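# Results of the structural survey
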Amino acid sequence: MGQIFIANPKGGCGKTTVAVQLAGFYANMARSVQLVDHDAQRSSLDWASGRPATCAPIKVLVSANEPVLADATYSVTIHDMPAAWTLDNVDTLIHPQDIVIIPLLASPTDIKACLRFVMGIYRSGLLERGVNIGIVANRVRKNTRYFKVLEAFLAKLDIPLITVLRDSQNYVRAMDRGLTLFDLPAARCSTDRAQWQPLLDWSPIANC
Ligand SMILES: Nc1ncnc2c1ncn2[C@@H]1O[C@H](COP(=O)(O)OP(=O)(O)OP(=O)(O)O)[C@@H](O)[C@H]1O
Ligand SMILES: [Mg+2]
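Throughout what follows, the structure given in this document is the object of discussion. These numbers come from a predicted model, not from an experiment.

### Things to note about the overall build of the chain
Within the chain one finds 8 helices and 7 strands. For a compact globule of 208 residues, the expected C-alpha radius of gyration is about 17 Å, and the chain comes in at 16 Å, within 12% of that figure. Seen along its three principal axes, the alpha-carbon backbone of the chain occupies a region of about 45 × 40 × 30 Å. A fraction of 78% describes how many contacts in the chain between residues 6 or more apart in sequence connect residues 24 or more apart. Accessible surface computed for the chain: about 9600 Å², of which carbon and sulfur atoms make up 52%.

Below is the structure:
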């Protein structure tokens, strides 16, 4: 069972959006997908409650703070971690070969919060234990000063930038209907889908 954790203690950076989109991707590849909603806001659960029965199925499991217990019969498990999660129970939750994706916005406060999280990751020994960790820059406007600040920050890290997603109403509209980009006709969201390709081609995700 492949496990993917979408985590960044900074609120609103896109954890649920990335978690749900990835769940939609694997579900549309005919994989059995479990999405674990660790957040008391229950955003993933809300999204799933609007998902049409005709779409590829995604099982949603809710968790409070206990280290959960995903059902090992699913082939992919995606964990939507809560804001303010700073690696509590990390050794119980995350195992070698698991994947951690950090969505990150290009703003000074998000970059500072991410730096603290990354320092925690370095101290936790996750990288040495063989956990695959990557960053997804989210809601990016490339021609801005803060995207350059983000690039300069990322250049100093050992954690790779896997892809850059633009700010797009396609995410908002799809999520409102319990859908993902991968449930929609490709022609309706080709620019956004193309931005996912580097993540989907990243070997830990491709081999998950
Ligand atoms: N690439 C994007 N383009 C447009 N809107 C986006 C994008 N990514 C996220 N959003 C919107 O930004 C808001 C926050 O996103 P999301 O809920 O995924 O963040 P989060 O990290 O899960 O938040 P929280 O920390 O509260 O759990 C939502 O309204 C979402 O629809
Ligand atoms: Mg969320």
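There is more to say after this.
### Thoughts on the packing of aromatic side chains
All told, the structure shown has 3 aromatic pairs when counted by the stated rule. Ring centres 5.2 Å apart and planes at 65 degrees place the aromatic pair Phe25 and Tyr26 in the edge-to-face group. When sorted by exposure, Phe25 lands in the same class as Tyr26, which is buried. For Phe25, a relative accessible area of 14% gives the class buried. One aromatic cluster in this structure is built from Phe25, Tyr26, Phe182 and Trp196.

### A closer look at helix α4 (residues 108–124)
Helix length check: α4, at 17 residues, gives a terminal C-alpha distance of 24 Å against a target of 24 Å (1.5 Å per residue), a fit within 8%. Turning to α4, its buried residues number three or more, namely Asp110, Ile111, Ala113, Cys114, Phe117, Val118, Gly120, Ile121 and Ser124. In this structure, the buried residues of α4 make contact with α3 (90–93), β5 (99–105), β6 (132–140) and α5 (145–155). Downstream of α4 by a residue or two, Gly125 has a phi angle that is positive, lying close to 80 degrees.

### So, the site of ligand 1
The immediate surroundings of ligand 1 are formed by 17 residues, with Lys15, Thr16, Thr17, Arg139 and Ser168 found nearest. Measuring from an oxygen atom of ligand 1, one finds a backbone N or O atom of Gly14 at 3.0 Å. A distance of 3.0 Å separates a nitrogen atom of ligand 1 from a polar backbone atom of Arg166. Listing elements by their share of the shell around ligand 1, those giving two or more residues are α1 (15–28), β6 and α6 (169–176). Among the elements that line the shell around ligand 1, the one with the most residues is α1, at 3 residues.

### Quick notes on the side chain of Asp80
In this structure, Asp80 sits in strand β4 (residues 76–80). The charged side chain of Asp80 is buried without a salt bridge, its nearest counter-charge being Lys15 at 6.5 Å. Separated by 2.7 Å, the side chains of Asp80 and Ser44 make a polar contact.

### A look at the packing of α1 against helix α7 (residues 190–201)
Here α1 crosses α7 at 75 degrees, and the two axes come no closer than 12 Å. Classified by the interaxial angle, the pair formed by α1 and α7 is roughly perpendicular. Side by side, α1 and α7 meet where Val18, Gln21, Leu22 and Phe25 of the first sit next to Trp196, Leu199 and Leu200 of the second. The class makeup of the residues in the contact of α1 with α7 is 6 nonpolar, 1 polar and no charged.

### Section: unusual backbone geometry
Even without a glycine there, the phi angle at Leu87 is positive, about 70 degrees. Residue placement: Leu87 occurs in the loop between β4 and α3. Relative accessible area serves as the criterion here: at 13%, Leu87 is assigned to the buried category. Positive phi values are uncommon outside glycine, yet Arg139 reaches one of about 55 degrees. Counting through the fold element by element, Arg139 comes out in strand β6.

### Considering the sheet that holds β6
Where strands meet in a sheet, backbone hydrogen bonds hold them as pairs that are either parallel or antiparallel. Strand order in the open sheet made by the 7 strands is β3-β2-β4-β1-β5-β6-β7, with parallel pairing throughout. The open sheet is flanked by β3 (59–62) and β7 (161–166), the only strands paired with a single partner. Averaged over neighbouring strand pairs, the angle between their axes works out to 20 degrees when direction is ignored. Pairing analysis gives 5 bridges linking strand β2 (residues 33–37) to β4, with the strands arranged parallel. Counterpart to Gln34 in the pairing with β4 is Thr77. Relative to the sheet, α7 contacts β5, β6 and β7, its axis offset from that of β7 by approximately 170 degrees.

Parameters and conventions
- Residues numbered from 1 in each chain as written.
- Chains lettered and ligands numbered in written order.
- Predicted model: local features only at pLDDT ≥ 70, side-chain atom pairs only at ≥ 80, totals over all residues.
- Heavy atoms only, no water.
- Helix = DSSP H or I, 4+ residues; strand = E, 2+ residues; numbered from the N terminus.
- Rg over C-alpha atoms; globule rule 2.2 N^0.38 Å.
- Contact = heavy atoms within 4.5 Å.
- Areas by Shrake-Rupley, 256 points an atom, 1.4 Å probe, with all protein chains shown as cover.
- Phe/Tyr/Trp six-rings, centres within 6.5 Å; stacked < 30°, edge-to-face > 60°.
- Buried < 20%, exposed > 50% of the residue type's maximum accessible area, 1.4 Å probe, protein only.
- Expected span 1.5 Å × (residues − 1).
- Near = heavy atom within 4 Å.
- Polar contact = N/O pair within 3.5 Å; in protein donor to acceptor, adjacent residues only side chain to side chain.
- Lys, Arg positive; Asp, Glu negative; His and termini not counted.
- Salt bridge = Lys/Arg side-chain N within 4 Å of Asp/Glu carboxyl O.
- Axes fitted to C-alpha atoms, helices over the stretch in contact; angles between N-to-C directions.
- Parallel < 35°, antiparallel > 145°, perpendicular 65-115°, else oblique.
- Nonpolar A, V, L, I, M, F, W, Y, C, P; charged D, E, K, R; others polar.
- Pairing = 2+ DSSP bridges.

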